[in-house]
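# Secondary and tertiary structure notes
Given next are the chains, with one letter for each unit.
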Amino acid sequence: DTFGLPFDILYPTSPHTIGNTVAVGVGGKQLRAKTNVMFAIAVPGSPTLKNDLEISVGMNNLVLSMVLFIALIENKVMNLPLKSMTNMNCLISMISTPILNESGQSMNQSLFFETLSLVAKKGDLGIKCNFCSSPDIQLLLSIFSTASSFINLSDAINGIFDVLVRLLKGDSVQTSIDRYLASAPYKCPSDA
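Residues numbered from 1 in each chain as written. Predicted model: local features only at pLDDT ≥ 70, side-chain atom pairs only at ≥ 80, totals over all residues. Heavy atoms only, no water.

## Details of the overall build of the chain
Rules: Numbering goes from the N terminus for both helices and strands, where a helix is a DSSP run of H or I of at least four residues and a strand is a run of E of at least two. Computation of the radius of gyration draws on C-alpha atoms alone. For the globule rule, the value is 2.2 Å times the number of residues to the power 0.38. Only protein chains enter the accessibility calculation, which uses a 1.4 Å probe; a residue is then buried when its area is under 20% of its type maximum, exposed when over 50%, and partly exposed in between.
The number of helices and strands found in the chain is five helices and five strands. Mapped in sequence order, the helices and strands of the chain form the string β-β-β-β-α-α-β-α-α-α. In terms of overall dimensions, the chain is more spread out than a globule: its C-alpha atoms have a radius of gyration of 23 Å, far above the 16 Å expected for 192 residues. Principal-axis analysis of the C-alpha atoms gives the chain an extent of 70 × 45 × 35 Å. Across the 192 residues of the chain, 32% fall into the buried class.

As structure tokens, then:
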């Protein structure tokens, strides 16, 4: 219930590209991810200090936008047997198989991100103590919550997103995609 506009899925932008834009955390409803972190400090001769913290990241107006280049093989798309529609390798084998060189890198990419962006308009970080036996940890958390109310975490969150986008568009991920595309037809029973 946090989805909003823009919301375009599998929108053709050219004969070989599909555009997707999704906005999450809109309409006053924040997208929030949480995790628990537990740690203990043991010092010989002293009681063990145990801490269970809940760390959450909230984002408003998170927009994912991408244009995906995909070279489909029309004959395979039109003639895919129904029994093969649940086999991921058969679905992937409908994409043109890249030619790989000796080192396993593609000479002709058939699936890649033309554009990819992930941006949050506003972000916040929350830390809550579920159980903390360390002295002064509550004081530390209250100092953090006071400081975080003055600090805009959007720049930090968007910086993390920029690193993620660079990784996804990078050579190592693309090489993994190309190798998977090259092997998929051999793993599809209907292609055998």
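From this point, the discussion proceeds with the structure in view.
## Examining the pattern of salt bridges
For clarity, the threshold we go by: Criterion for a salt bridge: a side-chain nitrogen of Lys or Arg within 4 Å of a carboxyl oxygen of Asp or Glu.
Going through the model one piece at a time under the given rule, you end up with two salt bridges. Residue D124 is joined to R32 by a salt bridge in which the shortest nitrogen-to-oxygen separation is 2.7 Å. Highlighted residues: D124 in strand β5 (residues 111-132) and R32 in strand β3 (residues 31-41), separated in sequence by 92 residues. As a salt-bridge pair, E54 and K128 come within 4.0 Å of each other at their nearest N and O atoms.

## Regarding the nonpolar core
What counts, and what does not: Note on terminology: a nonpolar core comprises buried Ala, Val, Leu, Ile, Met, Phe, Trp, Tyr and Cys residues joined through side-chain atoms within 4.5 Å.
With ten residues, the main nonpolar core is built from M59, L62, M66, L116, L118, A120, L153, I157, F161 and V165. Among the elements of the structure, β4 (49-70), β5 and α4 (154-168) are those that each provide at least two residues to this core. If you look at the next biggest cluster of nonpolar residues, it comprises six residues, including I70, I92, I95 and A184.

## Regarding helix α5 (residues 171-187)
The criterion, for reference: To estimate the expected span of a helix, subtract one from its residue number and multiply by 1.5 Å.
Helix length check: α5 (17 residues) gives 24 Å between terminal C-alpha atoms against 24 Å at 1.5 Å per residue, within 8%. Taken together, the buried positions of α5 are Q174, T175, D178, L181, A182, A184 and P185.

## A closer look at the state of the cysteines
Operational definition: Here, a disulfide means two cysteine sulfur atoms that sit within 2.5 Å of each other.
On inspection of all chains with the given rule, the structure shows two disulfides. The disulfide partner of C90 is C188, and the gap between their sulfur atoms is 2.0 Å. On the S-S bond that ties C90 to C188, the torsion sits near 100°, and the link is right-handed. Separated by 98 residues along the polypeptide, C90 in helix α2 (residues 88-92) and C188 in the segment after α5 bring together distant segments of the chain. On the basis of relative accessible area, C90 is assigned to the buried category, the value being 0%. A sulfur-sulfur separation of 1.7 Å characterises the disulfide bridge that pairs C129 with C132. Each bonded cysteine of the chain is numbered by sequence order, and under that numbering the disulfide pairs are 1-4, 2-3.

## So, α4
What counts, and what does not: To be clear, the arc concerns the directions from the helix axis to the C-beta atoms. Working rule for contacts: check all heavy atoms of both residues, and any pair within 4.5 Å makes them a contact.
Across its 15 residues, α4 extends 21 Å between first and last C-alpha, which sits within 8% of the 21 Å expected from 1.5 Å per residue. Listed in full, the buried residues belonging to α4 are S154, I157, N158, F161 and V165. The arc that holds the buried residues of α4, viewed along the axis, is 95°, so those residues lie on one side. Exposed residues lying more than 90 degrees from the buried face of α4 are D155, I160, R166 and L167. For α4, the secondary structure elements touched by its buried residues are β4 and β5.

## Re the packing of aromatic side chains
The condition is simple: Under the pairing criterion, centres of Phe, Tyr and Trp rings, with the six-membered ring standing for Trp, must be within 6.5 Å; the plane angle then separates stacked pairs below 30 degrees from edge-to-face pairs above 60, leaving the rest tilted.
Counted by the stated rule, this structure contains two aromatic pairs. Residues F3 and F7 carry aromatic rings whose centres are separated by 5.7 Å and whose planes lie at 85° to one another, so their mutual orientation is edge-to-face. Take F3: its relative accessible area is 53%, and that puts it in the exposed class. Where F69 meets F112, the ring centres are 4.8 Å apart and the plane angle is 20°; that geometry is what we call stacked. On the criterion of sequence distance, the pair formed by F69 in strand β4 and F112 in strand β5 is long-range, its members being 43 residues apart.

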